[in-house]
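Inside the fold
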Amino acid sequence: MRRLSILIVFLAIFNSAFSQFGGSNTYDFLNLASSARVNALGGYQVGIVDSNELSLSYYNPSLLMPAAHEHLTLNYIRYIAGINVGYVSYARNVEKIGTFAAGIHYVNYGKFDEALENGYLTGKTFSASDYALNLIFSRNIWKTFTAGVNVKPILSSYETYTSLGIAADVGISYVDSSGLFSAGLVFKNMGTQITTYQYLTDGEYEPLPFDIQVGFSQKLAHAPLRFNVTLNQLHKWNLTDKKTWEYDHKDSTDYIEGSSDDFLRQTLRHVIFGVEFIPSQNFSIGFGYNYQRMRELSISARQAAVGLSGGINVKISKFRLSYAIARYHLSGTSNTFSVSFNLSEFR
């Protein structure tokens, strides 16, 4: 219990120290989904305790379980506008110490045509990309509680502008004795830039996209259904960002009204819903809804299922294959592919 109390105090300290919100942050790529299963469930799920799902530890490091020993996961996202996102991770369990995992998360924004300030094309091209190394450790700390930490060295490179940074996620998870209910709490992206994009920001240090997330998962005892809910941005109540919206769309009436939401709508902006149909251990279908994504990226004339997502998970022989599709905008849909397997099964 003493170790649990120390962890809670540690989290509270970081909560007061890092209370920034997205929109004015650097390294926002850290919030991109990396797993087909989680992308199908709305993009964030931090309360699902599944011993065989290594990708879950990307969202909450305490979800890294000993059963993930020698598991390897490969994830690829064909994102909007030709952007490619990937995540690769491998885990090992060390008896009496804990479970370790190492992964790399990258975003490739593609090639760009270089142009001068007057629009003249120079004939040259340049690239832009982001990378984050994920070094994860988790350990059971007390009965049904597990704690974990993910340390993330970051490299961001846009043309000739480069920045180095360091971030960390700290989380705790709980699963009841029946295995039907689980919950998780994670403090994400605590850290700082080590070096800035010198010429771009004139040496100013920018905040990271800090977030506090709580998730719950309930599997029915006598039906093949699991319901998942994640609450995000718990350190900031108002997510409407009315002032920025009014400036960007002051001459347009096409977008959803940016006035302040009522209590219910403001609450829903923090909630991500997911449901899974799991008829067997080798097959499942998942669906999700992200209300905040819909409010930010829809147009009033046609919402076109923005905020909805879905996917399928199937195990074939030694491989678990997953696919998800998520609607981000009227003209933007992402496709996520994941494959995972246990290396020890090939010996």
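Right, let's walk through the structure included here. (Residues numbered from 1 in each chain as written. Predicted model: local features only at pLDDT ≥ 70, side-chain atom pairs only at ≥ 80, totals over all residues. Heavy atoms only, no water.)

**Considerations on unusual backbone geometry**
In the Ramachandran plot, tyrosine 27 falls in the positive-phi region, its phi being about 60 degrees despite a non-glycine side chain. Tracing the backbone shows tyrosine 27 in the loop between α1 (2-17) and α2 (36-40). The phi dihedral of lysine 143 falls on the positive side, at around 50 degrees, and the residue is not glycine. Mapped onto the elements of the fold, lysine 143 is located in the loop between β4 (121-142) and β5 (145-158). (Helix = DSSP H or I, 4+ residues; strand = E, 2+ residues; numbered from the N terminus.)

**Notes on the packing of aromatic side chains**
Throughout the structure, instances matching the rule amount to 15 aromatic pairs. For the pair phenylalanine 145 and tyrosine 174, a centre-to-centre distance of 5.2 Å together with 45 degrees between the ring planes defines the contact as tilted. Placement of the pair is phenylalanine 145 in strand β5 and tyrosine 174 in strand β6 (residues 161-175), with a sequence separation of 29 residues. The partly exposed category is assigned to tyrosine 174, whose relative accessible area is 26%. Every member of this aromatic cluster is reached through a ring pair, and the members are Trp142, Phe145, Tyr174 and Phe181. (Phe/Tyr/Trp six-rings, centres within 6.5 Å; stacked < 30°, edge-to-face > 60°. Buried < 20%, exposed > 50% of the residue type's maximum accessible area, 1.4 Å probe, protein only.)

**Topic: the pattern of salt bridges**
Under the definition given, this model contains seven salt bridges. Here arginine 92 ties to glutamate 70 by a salt bridge, and the two come within 3.2 Å at their closest N and O atoms. In this pair, arginine 92 is assigned in strand β2 (residues 84-94) and glutamate 70 in the loop between α2 and β1 (71-78), connecting sequence segments 22 residues apart. Given a relative accessible area of 6%, glutamate 70 falls into the buried group. A salt bridge links lysine 152 to aspartate 169; its shortest N-O distance comes to 3.0 Å. Taken as a pair, lysine 152 in strand β5 and aspartate 169 in strand β6 lie far apart in primary sequence, 17 residues in all. (Salt bridge = Lys/Arg side-chain N within 4 Å of Asp/Glu carboxyl O.)

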